[in-house]
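Notes for the structure review
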Amino acid sequence: MLRLCFSKHARYVIFALLIFCVGCVSLKTQKELSEEYYNLGNDYFDLENYSRATELYLKALSYNKNSKDTIINLIMAYQNNKKYDDAEKLIISKYEEKIDDYNKKLILLLGKNYFLTNNFNGAINLFKEYTNTYPNDVAGFYNLGLSFLKMGDASTALDNFLKAYEIDKTFVPVLYNISNYYYNEKQYKEALPYVTALSQKESNNDMVLYMYARILYELGEYEMSLEYTKKCYTIDTKNKDYYLLAAKIYAKGFEDKKNTFYFIDKTLEAGYKPSELAEVEEFTIIKDMYKNEYNEMLNKYVK
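Residues numbered from 1 in each chain as written. Predicted model: local features only at pLDDT ≥ 70, side-chain atom pairs only at ≥ 80, totals over all residues. Heavy atoms only, no water.

As a further point, take the confidence of the model for the protein. Overall, the prediction assigns the protein a mean pLDDT of 91, with 91% of residues at 70 or greater. Here residues 1-7 is modelled with pLDDT under 50, and outside its nearest four sequence neighbours on either side it reaches 2 contacts, counting other chains as well. Predicted confidence is poor over residues 9-25, with pLDDT under 50, and the contacts of this stretch with residues over four places away or in other chains come to 2 contacts. (pLDDT = per-residue confidence, 0-100. Contact = heavy atoms within 4.5 Å.)

Next up, the structure:
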């Protein structure tokens, strides 16, 4: 029989190697456990169960306290669960004055924390510093614009949205806010290029298409306005504003009595009050010309 003999020294070496291998397995297991809890946390985050997500992220960090992805998601879970103090403490404890993606995210999350707690001055100061450090990042100017908007300074907000647009001409929130500013100011020609780009990016978003249709209507582009209005009420069949805009287009743009009456009826059916139609100037001529039919239609909805 073959017998293996080891010297005392050899046995110590083998024992040490076994300890080292067990240690490697242990380290690997801890990392795997951390990832498992992190992934479970993400599942609950997606389900908007932020309390459970928080618990799982904390469990993940107990196995790997330096997991940057877990820390970032934990901060967001705190914020979505309105645990703003916990979010701020964690951000400050982890932030280092280094220019890298991780610290960049932490600064943005701190600014978001200020924004969510209505500390808009704090948010403005922080995002100004951020844009100085990261002048080519659209997020800085966009968030600065939102903060000024909350402070009631729409003009300065626009300046920052336009700076963000120069960095990224496809960023949907920037396109929306620029379009919305010009629309509210009745500067429809200025709004047109931005809302056109926005509608191309958000072709199934009925609220975006509705803004586009209204701007086209104000510019006298009735056929295109009608095209996008049809898309709106196809997506959302219960929105009274979409039917009202269609009725206005047929009345003012085409002087089409049949379709105007049809869409006024659809507007009332969707919940518009008959008394509110008196304020719609586009219907003045048509309701005077067909007074009896118009009143008969309205009477169906008078309680």
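Further notes follow.
Moving on, we get to the packing of helix 11 (residues 206-218) against helix 12 (residues 222-235). Packing of helix 11 against helix 12 leaves a shortest axis separation of 8 Å and a crossing angle of 160 degrees. The angle between helix 11 and helix 12 falls in the class roughly antiparallel. Considering the relative orientation of helix 11 and helix 12, their crossing is left-handed. Residues Asp206, Leu209, Tyr210, Tyr212, Ala213, Leu216 and Tyr217 of helix 11 form the contact with helix 12, whose participating residues are Tyr222, Met224, Ser225, Tyr228, Thr229, Lys231, Cys232 and Ile235. (Axes fitted to C-alpha atoms, helices over the stretch in contact; angles between N-to-C directions. Helix = DSSP H or I, 4+ residues; strand = E, 2+ residues; numbered from the N terminus. Parallel < 35°, antiparallel > 145°, perpendicular 65-115°, else oblique. Left-handed = near helix turned anticlockwise from the far one by under 90°.)

What follows deals with the pattern of salt bridges. For side chains bearing opposite charge, pairing can occur when the charged atoms are close. Scanning the entire structure with this criterion turns up 7 salt bridges. Glutamate 55 is the salt-bridge partner of arginine 52, the closest N and O atoms lying 2.8 Å from each other. Taken together, the residues arginine 52 and glutamate 55, both in helix 2 (residues 50-63) and 3 residues apart, mark about one turn of the helix. Glutamate 293 is the salt-bridge partner of lysine 257, the closest N and O atoms lying 2.8 Å from each other. Linking lysine 257 in helix 14 (residues 257-269) with glutamate 293 in helix 17 (residues 291-299), this pair joins segments that are 36 residues apart in sequence. By relative accessible area, glutamate 293 is classed as partly exposed at 38%. (Salt bridge = Lys/Arg side-chain N within 4 Å of Asp/Glu carboxyl O. Buried < 20%, exposed > 50% of the residue type's maximum accessible area, 1.4 Å probe, protein only.)

Let's shift gears to the side chain of serine 199. When you line up the elements, serine 199 lands in helix 10 (residues 188-201). Among all residues touching serine 199, those that are not within four sequence positions of it are Val208, Leu209 and Tyr212.

Notably, lysine 186 is not glycine yet its phi reads approximately 60 degrees, a positive angle. Among the structural elements, lysine 186 can be located in the loop between helix 9 (172-184) and helix 10. Classification of lysine 186 as exposed rests on a relative accessible area of 63%. Backbone geometry at glutamate 255 places phi at a positive 50 degrees, although glycine is not the residue there. Tracing the chain through its elements places glutamate 255 in the loop between helix 13 (240-253) and helix 14.

We now examine the environment of glycine 122. Looking at the element boundaries, glycine 122 is found in helix 6 (residues 120-133). The class for glycine 122 is buried, based on a relative accessible area of 16%. In the structure, glycine 122 is positioned 52 residues away from valine 174 in sequence and 22 Å away in space, judged by C-alpha atoms.

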